[in-house]
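What follows is the residue order along each chain.
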Amino acid sequence: MTTTLQIANRALLSLSLSSINSLEAQTTPARVMYEAVDWSISTVLTERNWVYSTRTATLTASVEETPPDTEYKYAFTLPSNVDRLVGVLDTGLSISEDYRMEGKLIYSNLATLIVRYISHSIELVNIPHKLADIIAVHLAASTCLRLTEDRRLQGELENNYKILVSNYSVSDAQQKAPQQYMNDNSSGFIGAHKGYGFI
């Protein structure tokens, strides 16, 4: 399993800095990595519909929640680990637009929904090596000025990040079944970042 410490040390290597033995070490690199690594993991794993981060769940109508108006018959509670909704399918696995999302609830006239969503975990269990490398480069770019004050290097890392994301998107898309090709821009967002950003 790839660990957050390994991600941090890959980032430090990209910055030409020495590795650390612990994210809790009382050194400036360790403190900076500790503050930034979880955010880089979250940002990278939720910004696109990666196969690694995509989950599927079948929802049945809630007995506790009801739609606020007569437009929809049923209310559904999203799984607690949802970062971003990718899309909704009916039981025939066809993309459905018969729904409205409000917070952690979905309203629909369908009695059963199949939802595809993005969810991330800091644990990074079985993460593909290339995706872990993308996180490390994002982390390096986002901490570069704080640790090196080198704007040229930061620019190189940001550009490298874009290239890695673009290249990995192609190979990642080849792993998806046809019904998984949903438009990122049509998704609902639940507390997640869209696009890439650096701190």
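These figures come from a predicted structure and were not determined experimentally.

A. The arrangement of the pattern of salt bridges in detail. Considering all chains together, one arrives at seven salt bridges under this definition. A salt bridge links Asp-133 to Arg-10, with the nearest nitrogen and oxygen atoms 2.6 Å apart. Taken together, the residues span a long stretch of sequence, with Asp-133 in helix α3 (residues 129-148) and Arg-10 in helix α1 (residues 4-14) at a distance of 123 residues. A residue is classified by how much of its surface remains accessible, and Asp-133, at 34% relative accessible area, is partly exposed. Residue Arg-100 is joined to Glu-71 by a salt bridge in which the shortest nitrogen-to-oxygen separation is 2.9 Å. Of this pair, Arg-100 sits in strand β4 (residues 99-102) while Glu-71 is found in the loop between β1 (54-60) and β2 (74-77), placing the two residues 29 residues apart along the sequence.

B. Region of interest: unusual backbone geometry. The phi torsion at Leu-93 lies on the positive side, around 65°, for a residue other than glycine. Structurally, the position occupied by Leu-93 is in the loop between β3 (84-89) and β4. Leu-93 gets classed as partly exposed once you look at its relative accessible area, which sits at 44%. Although it is not a glycine, Glu-149 sits at a positive phi angle of roughly 60°. For Glu-149, the location among the structural elements is in the loop between α3 and α4 (151-173).

Calculation rules
Residues numbered from 1 in each chain as written. Predicted model: local features only at pLDDT ≥ 70, side-chain atom pairs only at ≥ 80, totals over all residues. Heavy atoms only, no water. Salt bridge = Lys/Arg side-chain N within 4 Å of Asp/Glu carboxyl O. Helix = DSSP H or I, 4+ residues; strand = E, 2+ residues; numbered from the N terminus. Buried < 20%, exposed > 50% of the residue type's maximum accessible area, 1.4 Å probe, protein only.

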